Amino acid sequence: MDKLSSLARYKASCPFLGRTKQSTLRTLCTSTSPRFPTLSRLTEKATKCPVMGPALSIRSEQMVKGYASVAGNADVQKIHEQKGVHLPDPARADISKCPHANAARAAARMAEDLAGAKEKAAAKKASPAKAESSTSTCPFHAAADMSKTSKKPVPSGLFDYEQFYNTELDKKHEDKSYRYFNNINRLAEKFPVAHTGDVKEEVEVWCANDYLGMGNNPVVLETMHRTLNKYGHGAGGTRNIAGNGAWHLGLEAELASLHRKPAALVFSSCYVANDATLSTLGTKLPGCVFFSDTMNHASMIQGMRHSPAKRVLFKHNDLEDLEAKLASYPKETPKIIAFESVYSMCGSVGPIKEICDLAEKYGALTFLDEVHAVGLYGPRGAGVAEHLDFEAHLAAGQSPAPIPGSVMDRIDIITGTLGKAYGAIGGYIAGSTDFVDMIRSYAPGFIFTTSLPPVSVAGAQASIAYQKEWMGDRQLLGLNVRALKKRFADIDVPVVPGPSHIIPVLVGDAGLAKAASDRLLNEHNIYVQSINYPTVARGEERLRVTITPRHTVEQMDKLVNAVDETFTVLGINRIREWKAAGGRAGVGLPDDQVIPVEDVWTDEHLGLKDGSAPKQLRNGERAFVDSKAVNVTRGKFEKLLGKVDNAAATEKKVVVDLRAGMGMSGVDASVNAVHVPTPVAASA
């Protein structure tokens, strides 16, 4: 009766639900009444409600009448005999062994508890000795916060810590920035499908950062299983004490090669990588000044704050503002320009080449966060910096040597994650040998933390190795992104314009954004997380939609229809309303203010010009896995794991059927050339 996700739709009509915090409702739903063990505390409260009380009584009577009257073990045995059910030990054939009888008993007990709870409430109200105001027994007027009656008293003169926590949480609820965590469990064999807290309740995930589905790529899982069986789980210590193995060194070499840099260093996450690196640089560089884009990620902001260096903000992607601020400092002053390639909440892309020009002019280092770009852009998946010189990097193949004058070569420091497009966990930096060694030697965030487990490191390297060889996933992602943006535009659903794979659906109100997310989940079994302040500015709240190569045409149809229905039911502004209001977040701007946006992936890169573009999946079709990329990836681990046993048989499991009409031609000019996929049969 107390399924939390079902309560949201009644908040507007029920005063108690409307004024009670979600965290309190969750506690009431999941805790048992101390007096009536078959009831939750929320159900016990509902018995006092003039609306729900009678409804619960009627429902409990219906439940009891719906079951046969079963008195005890003799009745159970008699039913079993009549139905031809024979148990090994009839003496143990009690009610608990029979689902039908057990349900009848449970219904009866619940009915008794409901009646008892209602009688108790009525007696308390009628008792002259304990007379109270009529509002005290009604949940409509009772205090919504249980902590006010259950918390321990604080002695006079001492700080009330619990009250402080409660006050801070109230602030989050009042401004609607409180974060709700949904119980979502992605299914490896059904990606992008997941189940909720109920394993039988499946939903489609439309907001995950596993952008390519590499979290369940077969050669990645194969490598992880083999590593786990041989090397176990944990790393055993910090990198300095027992936690530095061939796995970590191999991953760092793979990352350095990916970005064509001399060295790389792996951290437990990219948040830690950014924080540790920027704080160390800001502390060590004498008189250092950071120049930070106003939309930089929290990890970069915290890293700069954790150092004594001055931080100067420049307007998002505004080169004139950045140059004016760079010019106000002497050229000999150490400077670091910190910015991102893809900004994850709005989908904008940084002007990387132009920032490199300014850095060279004013003597600054460039610190580029490619977290939401690695794996997704460039012929080898090295990010937007690689993509800007697409043809040159494609021709250079897998050579680790830098390409002089290329944008990626001009960037001093690149940071990235293993936890998004690569479907693993961890973060990293890449740069010069001495720079990486200095961070390794001074950064507390690297030195004093346990190393990543070998199994996770192996999975990350396998994912990178596979994506370096295979562009098809990136191409199909780009095509799906285009298709979904067009579908939303066709039904007047506002999408914040941007050239990347991020699809931010503008809502413009925190409460509506949460309500839209809840409705999509509860009514349509679609999970899209709402994004509110402080992640985005107030008034620019949104649903952050991410599509993958694994989403099918039919799943896209379902999403578009569900979003259309949700916008209509909740009265959320469409493009036309934003246009009438003068526009917001780049949506609905006057025609003279609209700046055309071109996708990072061009028609040529996507294979639309030569007919080699992959086709969208349909329900029932399996995702394509490239055989050459699989073999190259396996080869990376032969020294540590040996060759895959019975490779031909395993290949059949790993290389699934090529979807009909994929139409890709093969080009393999040299050993180092990036592999352009060749269609393979299931028996390859």
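Position labels on residues start from 1 in each chain and follow its written sequence. With the structure being a predicted model, the display of local features is reserved for residues of pLDDT at least 70 and the display and counting of side-chain atom pairs for 80 or more, all residues being used for whole-chain, interface and lining totals. Side-chain measures were taken over the full set of non-hydrogen atoms in the model, leaving aside hydrogen atoms and water.

### Considerations on a nonpolar patch on the surface
- In this analysis, a patch consists of residues with relative accessible area above 30% that form no salt bridge, clustered at 9 Å for like charges and at 5 Å for the nonpolar side chains Val, Leu, Ile, Met, Phe, Trp and Tyr. The Shrake-Rupley method, run with a 1.4 Å probe, gives the accessible areas here. Residue values count only the displayed protein chains as cover. When a carboxyl oxygen of Asp or Glu lies within 4 Å of a side-chain nitrogen of Lys or Arg, that pair is called a salt bridge. A surface patch of nonpolar side chains, about 460 Å² in accessible area, is lined by F159, Y161, F164 and Y165.
- Secondary structure elements are taken from DSSP: a helix is a run of H or I of four residues or more, a strand is a run of E of two residues or more, and numbering for both begins at the N terminus. Note on placement: Y161 falls in helix α9 (residues 161-174).

### Quick notes on the confidence of the model for the protein chain
- Scored from 0 to 100, pLDDT records how confident the predictor is in each individual residue. In the predicted model, the protein chain carries a mean pLDDT of 84, and the fraction of residues at 70 or more is 76%.
- A contact between two residues is defined here by any heavy atoms of the two lying within 4.5 Å. In this model residues 128-145 is a low-confidence stretch, pLDDT under 50, and it forms 25 contacts with partners more than four residues away in sequence or in other chains.
- A low-confidence stretch, residues 647-684 stays under pLDDT 50, and its non-local contacts, those more than four residues away or across chains, total 87 contacts.

### Describing the sheet that holds strand β4 (residues 263-267)
- Note on pairing: two strands pair once DSSP finds at least 2 bridges between them. A sheet is described by the order of its strands in space; here seven strands give the open sequence β4-β10-β9-β8-β7-β5-β6, paired in mixed fashion. Since the sheet does not close on itself, it has two edges, and those belong to β4 and β6 (310-314), each with one partner. Recorded for the sheet is a direction-independent mean angle of 20° between the axes of neighbouring strands.
- Running at roughly 125° to β4, helix α11 (residues 246-258) makes contact with β4 and β10 (427-431) of the sheet.
- Between the N-to-C directions of two axes lies an angle of 0 to 180 degrees, each axis being a line fitted to C-alpha atoms and, for a helix, fitted only over the stretch in contact. Sheet strands touched by helix α15 (residues 352-362): β7 (335-340) and β8 (364-369). Its angle to β8, the strand with the most contacts, is close to 155°.

### Points about the packing of helix α12 (residues 270-284) against helix α19 (residues 433-442)
- The geometry of α12 relative to α19 is characterised by a closest axis approach of 10 Å and an angle of 95° between their N-to-C directions. As far as their axial angle goes, α19 and α12 are roughly perpendicular. Across the interface between the two elements, T277, T280, L281 and K284 of α12 pack against F435, M438, I439 and Y442 of α19.
- Note on residue categories: nonpolar means Ala, Val, Leu, Ile, Met, Phe, Trp, Tyr, Cys or Pro, charged means Asp, Glu, Lys or Arg, and polar means any other residue, Gly included. Along the lines of polarity and charge, the residues of the contact of α12 with α19 split into five nonpolar, two polar and one charged. Roughly parallel refers to an angle under 35 degrees, roughly antiparallel to one over 145, roughly perpendicular to one between 65 and 115, and oblique to any angle outside these ranges.

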